[in-house]
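The lines below spell out each chain.
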Amino acid sequence: MTNVNTAHSWALVTGASSGLGVDFAHELAAKGYSLVLTARRKDRLQALAAEIEAHHAVQTKVIALDLAEPGAAAELKRQLHGEAITIDVLINNAGFGIFGELIEQPPARVQAMLQLNIAALTELTQLYATEMVQRQRGQILLVASVVAYQASPNYAAYAASKAYVLSFGEALHEELRPHGVTVTVLSPGATATEFFDVSGQQSTPMKRAFMMPSRPVVQIGLAAMRRGRASVVPGWKNALMTWSTRLLPRIVQRKMAHWVLRKE
Ligand SMILES: NC(=O)c1ccc[n+]([C@@H]2O[C@H](COP(=O)([O-])OP(=O)(O)OC[C@H]3O[C@@H](n4cnc5c(N)ncnc54)[C@H](OP(=O)(O)O)[C@@H]3O)[C@@H](O)[C@H]2O)c1
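In short, a report on the structure. Given the structure is predicted, the values throughout are model-derived calculations rather than measurements.

**Digging into the overall build of the protein**
And step 1. Each helix and strand counted, the protein has 10 helices and seven strands in total.
And step 2. Here the C-alpha radius of gyration of the protein, 18 Å, is about what a compact globule of 264 residues would show, namely 18 Å.
And step 3. Taken along its principal axes, the extent of the C-alpha atoms in the protein is 55 × 40 × 35 Å.
And step 4. For the protein, contacts bridging at least 24 residues in sequence account for 70% of all contacts bridging at least 6.

As C-alpha cells, this is what we get:
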C-alpha cells in the first residue's frame, strides 16, 4: 500500500496473523473499512493484506511488531500518526494463554503474557480512546474470555489477565459513552484457532463440546460493537456458563473450573 486514503474509515486489528484476528479483518473489510493489521508474523499479515485488497475496495497497512515489548503500543500509534491514519475502530485482540500450574511456567513468558494481555491493551486503548473522544466518535472492542468470569486453576494468570480486560472494558464503556465512543468486551469460550497450540492445553471432550468456529464468534462480537453493547459472550453454552457464575458460590466455581481445566 502506498498513498493512504484518509477519507477511508480505518480499523486497527491487533493479532491479525491468525485465528480471530484474521476473521475480524475479513469481516471489517467486507463492511468497507480499510485496515491496519498488526502482529509479529509479517509474512502472514502480508498474505492476509493481499487477499483482502484482492477482494475488497479497501486499503491495508501491515505493521509487524511485538506488542509484548514495553512501549510497542505507543510506537504503533506513532507510526500510524506519521501516515495520517485515523483509527475509527480499534480491535484489541492480540493475546495468548499459558496452560498449567504457574510454578511450572517460565517467569519471562508469564511477564510477556501480562504485558501483552493487560499493559499493551490498556496503553493502546487509552491512546486511541483519547483521540476518539476528541472526535466524539469511535468504537473499541476488547477480546477477553469466558475464563474472565471465574478463577481458573491451570490458567490462573491468563484468566486473571482476562478478568482485568472484562472489568476494564465494562468500566470504560460507562466512562466513554457520554463522549460518543463505545467500548465492547467480547468473551469467547473455546474457539478453533491457534490458541491451544500456543497455550499447550490438550484437546478434551469438554473442550470439544464447547468449541466454536472463529467466524461466528467474530460476527457476534462485531454485531455487539455496532449496537454499542458493553459486553457479549458468544454461543448459548458459553453464555449459560458465565451466567451461572452469578448463582454459584466462588468456592464451587473455582473447584468446577479446576475439574474442567484439569490436566489429562
Ligand atoms: N481461541 C480461544 O479458545 C479463545 C478463547 C477466549 C479468548 N481468546 C482470546 O482471543 C484472542 C485471539 O486469540 P486466538 O484465539 O485468535 O489465538 P491465535 O490464533 O493464537 O491468535 C493470537 C494472535 O495474537 C498475536 N500475538 C501473540 N503474541 C503477540 C505479541 N507478542 N505481539 C503481537 N501480537 C501477538 C498472534 O500473532 P503473532 O504470533 O504473529 O505475533 C496472533 O495473531 C486472544 O486475546 C485470546 O486470549 C481465545
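Further notes follow.
**Thoughts on the environment of His8**
And step 1. Within the fold, His8 resides in the segment before strand S1 (10-14).
And step 2. Between the alpha carbons of His8 and Leu102 there is a distance of 45 Å; along the sequence they are 94 residues apart.

**Some remarks on the site of the ligand**
And step 1. Surveying the vicinity of the ligand reveals 28 residues, the closest of which are Gly15, Gly19, Arg40, Gly95 and Phe195.
And step 2. Examining the composition of the shell around the ligand, we find that three residues originate from one element, helix H1 (residues 19-30), more than from any other.
And step 3. A breakdown of the residues in the shell around the ligand according to their chemical character gives 13 nonpolar, 11 polar and four charged.

**What to know about the pairing of strand S5 (residues 138-143)**
And step 1. Burial of S5 is extensive: five of the six residues sit out of reach of the surface.
And step 2. Bridge count for strand S4 (residues 87-92) against S5 is four bridges, and the pairing is parallel. Within S5, the residue paired with Ile91 across the bridge is Leu141.
And step 3. One ladder, built from six bridges, connects S5 with strand S6 (residues 181-186); its direction is parallel. The partner of Ile140 across the bridge, within S6, is Val183.
And step 4. Note that the unit made of S5, helix H5 (residues 156-176) and S6 has a crossover that is right-handed.

**Overview of the sheet that holds strand S7 (residues 231-232)**
And step 1. Pairing within the open sheet is parallel, and its seven strands lie in the order S3-S2-S1-S4-S5-S6-S7. Single-partner strands in this sheet number two, and they are strand S3 (60-64) and S7.
And step 2. Sitting on the sheet, H1 touches S1, strand S2 (34-39), S4 and S5, and the angle it makes with S2 is about 170 degrees.

**Quick look at unusual backbone geometry**
And step 1. For Ala84, which is not glycine, the phi dihedral falls at a positive 60 degrees.
And step 2. As for its position among the elements, Ala84 is in the loop between helix H3 (72-82) and S4.
And step 3. For Gln136, which is not a glycine, the phi torsion comes out positive at approximately 60 degrees.
And step 4. The topology assignment puts Gln136 in the loop between helix H4 (107-135) and S5.

Basis of the calculations
- Residues numbered from 1 in each chain as written.
- Predicted model: local features only at pLDDT ≥ 70, side-chain atom pairs only at ≥ 80, totals over all residues.
- Helix = DSSP H or I, 4+ residues; strand = E, 2+ residues; numbered from the N terminus.
- Rg over C-alpha atoms; globule rule 2.2 N^0.38 Å.
- Contact = placed C-beta atoms within 7 Å.
- Near = placed C-beta within 6 Å.
- Nonpolar A, V, L, I, M, F, W, Y, C, P; charged D, E, K, R; others polar.
- Buried ≥ 20, exposed ≤ 12 C-beta atoms within 10 Å, placed from the backbone.
- Pairing = 2+ DSSP bridges.
- Right-handed = clockwise from strand over helix to strand, strands pointing away.
- Axes fitted to C-alpha atoms, helices over the stretch in contact; angles between N-to-C directions.

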